[in-house]
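Descriptive analysis of the structure
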Amino acid sequence: MTYASVQTELRTALDELRAADLYKIEHRLTSPQSARLVVDGREVLNFCSNNYLGLADHPAVIDAAKHALETRGFGMASVRFICGTQTEHADLESRLSTLLGTDATILYSSCFDANGGVFATLLDERDAVLSHTLNHASIIDGIRLSKARRHRYRTLTELETQLSTPARRRLIVTDGVFSMDGSIAPLRDICDLADRYDAMVMVDDSHAVGILGPTGAGTPELLGVQDRVDIVTGTLGKALGGASGGYVSGHAEIVELLRQHSRPYLFSNALPPAIVAGALAALDLAADPSRRVALHRNTATFRTRMERSGFHLLPGERPIVPIMFGDAGDAARVAELMRRSGVYVTAFSYPVVPMGEARIRVQISSEHSRDDLDRCVAAFVAARDAELVRRT
Ligand SMILES: *Cc1c(COP(=O)(O)O)cnc(C)c1O
């Protein structure tokens, strides 16, 4: 078979995406990740990164990474167990365990890999995994890589029904903060159900670590269930410096077994020294609560102003603020108008969110000034008004 017929099909698929306003474009930055960006050659305000605490270009993080480059080299050229573990890898793992209040932690190249490695190591066809319908793609894929029976729940009532199915092991898995809605998983209720039905609880806290809870330990800390959650996964690629890396943290035996059997850990390179050192510096900075305080204050200010301006926001208090439009074209056009006026936001549509629930997901940073927030609200209002005029 020649490529020609496949090519026609693929081009049709791409044309269909464009026609449905579902085609994603990558804008080229020529600046560091920060509250202000240079995008396509222009300075814009940034309201769409996961750089919640402004650590992605923090001088202390950069200095730590530079120092590691000079003293520990550029890359490891090995997986961890052959000759790829430096003392700093172990330091970072123990620092994360201290933050999260767990026995032990294992690093991966990303949280995508962490979630890809955890299920198949712990579960087989005798077991059941109960996963929230809005969980991150990496959880869905990680579950698929295991032989466990899969259940998808939306409500606690559904979860309870599914928990009564017989299985050797039951694992409930949920995002701590759902990335497209900004809502928080009801971990206390989930832990109560887990106790009643003898299940384990796993939380992917990628959008909460460093941000939520008095010490930044995330959703379990915020909701007072740190000692009732069995497994926490998360990323170093968001609030904690934003470079890359992920982890699984929890009971000692679970982490020990992952080091022996988990495929993305065993068969993929160790994190580079500069990333490890930068993440350690980011953890030091995140230990100071002042960035979290500024982040939550900015979020409250922005939410209030947007609601007063008549926008439909998904409720909540989190720095993920979804502005709902419904129609993918509307969301995309408003985002485009805002970008042209110097405020960088991104529209999300199917398949990233359900069909008909297109939105602009605003993400607040501790580094936004009052003026930045005002300019963002003003750009939303101007773009919405221009879009209404266009229609009439
Ligand atoms: C961002 C995110 C991931 C992926 O993290 P990476 O380290 O970039 O692979 C996984 N899970 C959730 C819930 C996320 O928000």
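Quantities reported herein were computed from a predicted structural model and do not represent experimental measurements.

**Focus: the packing of helix H14 (residues 328-340) against helix H15 (residues 370-391)**
- Viewed as axis vectors pointing N to C, H14 and H15 meet at an angle of 125 degrees, and their least axial separation amounts to 9 Å. Judged on the interaxial angle alone, H15 and H14 are oblique. Both H14 and H15 take part in a crossing whose hand is right-handed. Judged by residue contacts, Asp330, Arg333, Val334, Leu337 and Met338 of H14 engage Cys376, Ala379, Phe380, Ala383, Ala386, Glu387, Arg390 and Arg391 from H15.
- Residue composition of the contact of H14 with H15, by class: eight nonpolar, no polar and five charged.

**With respect to the site of the ligand**
- In the vicinity of the ligand, the residues found are Ser110, Cys111, Phe112, His136, Ser138, Asp175, Asp204, Ser206, His207, Thr235, Lys238 and Gly245.
- Phe112 has a polar backbone atom sitting 2.9 Å from an oxygen atom of the ligand.
- At 3.4 Å from a nitrogen atom of the ligand is found a side-chain nitrogen or oxygen belonging to His136.
- Notes on the ligand: free accessible area 380 Å², of which the protein chains cover 83%.
- Residues belonging to the shell around the ligand are distributed by class as follows: two nonpolar, seven polar and three charged.

**A word on a nonpolar patch on the surface**
- Taken together, the side chains of Leu14, Leu17, Tyr23 and Ile25 present a nonpolar region at the surface, about 360 Å² in accessible area.
- Mapping Leu17 onto the fold places it in helix H1 (residues 3-19).

**Description of the sheet that holds strand S7 (residues 200-204)**
- The strand order across the open sheet built from seven strands is S3-S9-S8-S7-S6-S4-S5, with neighbouring strands paired in mixed fashion. Unpaired on one side and paired on the other, strand S3 (104-108) and strand S5 (149-153) mark the two borders of the sheet. The average angle at which neighbouring strand axes cross in this sheet is 20 degrees, direction not considered.
- The pairing of strand S8 (residues 231-235) with strand S9 (residues 246-250) spans five bridges and is classified as antiparallel.

**Here we look at the nonpolar core**
- In terms of nonpolar packing, the biggest core is built from 56 residues, with Phe302, Val362 and Phe380 touching the most fellow members.
- Sort the elements by how many residues they give to this core and helix H12 (residues 273-286) lands first, with eight residues.
- Counting 21 residues, the second largest nonpolar core, distinct from the first, contains Val129, Ile139, Leu171 and Leu258.

**Focus on the packing of aromatic side chains**
- Summed over all chains, the structure comprises three aromatic pairs.
- Ring centres of Phe311 and Phe380 lie 5.5 Å apart, and the angle between their planes is 65 degrees; on these two criteria the pair is classed as edge-to-face. On the criterion of sequence distance, the pair formed by Phe311 in the loop between helix H13 (290-308) and strand S10 (320-326) and Phe380 in helix H15 is long-range, its members being 69 residues apart.
- A residue is classified by how much of its surface remains accessible, and Phe380, at 0% relative accessible area, is buried.

**Quick word on the environment of His312**
- Here His312 lies in the loop between H13 and S10.
- Note: C-alpha distance between His312 and Met324 (12 residues apart in sequence) is 5.6 Å.
- When sequence neighbours within four positions are dropped, the list of residues in contact with His312 reads Pro322, Ile323 and Met324.

**A closer look at the side chain of Arg292**
- Along the chain, Arg292 falls in helix H13.
- One buried charged residue, Arg292, forms no salt bridge at all, with the nearest opposite charge on Glu221 at 6.6 Å.
- At 2.7 Å, the side chain of Arg292 forms a polar contact with the backbone oxygen of Ala286.
- In contact with Arg292, not counting residues within four places along its chain, are Leu53, Gly210, Ile211, Gly213, Pro214, Thr215, Gly216, Ala286 and Ala287.

**A closer look at the side chain of Asp124**
- With respect to the secondary-structure elements, Asp124 resides in the loop between helix H5 (111-122) and strand S4 (128-132).
- At a separation of 2.6 Å, a polar atom in the side chain of Asp124 contacts the side chain of Arg126.
- The residues contacting Asp124, other than those within four sequence positions of it, are Lys147, Ala148 and Arg168.

**Considerations on unusual backbone geometry**
- Residue Pro351 follows Tyr350 across a cis peptide bond; omega there is 5 degrees.
- Within the element layout of this structure, Pro351 appears in the loop between strand S12 (346-348) and strand S13 (358-363).
- For Asp40, which is not glycine, the phi torsion reads 50 degrees and is therefore positive.
- By the element assignment, Asp40 lies in the loop between strand S1 (36-39) and strand S2 (42-46).
- Despite not being glycine, Ala77 has its phi angle at roughly 50 degrees, a positive value.
- Structurally, Ala77 is set in the loop between helix H2 (59-72) and helix H3 (80-83).
- Take Ala77: its relative accessible area is 75%, and that puts it in the exposed class.

Rules used in this analysis
Residues numbered from 1 in each chain as written. Predicted model: local features only at pLDDT ≥ 70, side-chain atom pairs only at ≥ 80, totals over all residues. Heavy atoms only, no water. Axes fitted to C-alpha atoms, helices over the stretch in contact; angles between N-to-C directions. Helix = DSSP H or I, 4+ residues; strand = E, 2+ residues; numbered from the N terminus. Parallel < 35°, antiparallel > 145°, perpendicular 65-115°, else oblique. Left-handed = near helix turned anticlockwise from the far one by under 90°. Contact = heavy atoms within 4.5 Å. Nonpolar A, V, L, I, M, F, W, Y, C, P; charged D, E, K, R; others polar. Near = heavy atom within 4 Å. Polar contact = N/O pair within 3.5 Å; in protein donor to acceptor, adjacent residues only side chain to side chain. Areas by Shrake-Rupley, 256 points an atom, 1.4 Å probe, with all protein chains shown as cover. Patch = residues over 30% accessible without salt bridge, like charges linked within 9 Å, V, L, I, M, F, W, Y side chains within 5 Å. Salt bridge = Lys/Arg side-chain N within 4 Å of Asp/Glu carboxyl O. Pairing = 2+ DSSP bridges. Core = buried A, V, L, I, M, F, W, Y, C linked by side-chain atoms within 4.5 Å. Buried < 20%, exposed > 50% of the residue type's maximum accessible area, 1.4 Å probe, protein only. Phe/Tyr/Trp six-rings, centres within 6.5 Å; stacked < 30°, edge-to-face > 60°. Lys, Arg positive; Asp, Glu negative; His and termini not counted.

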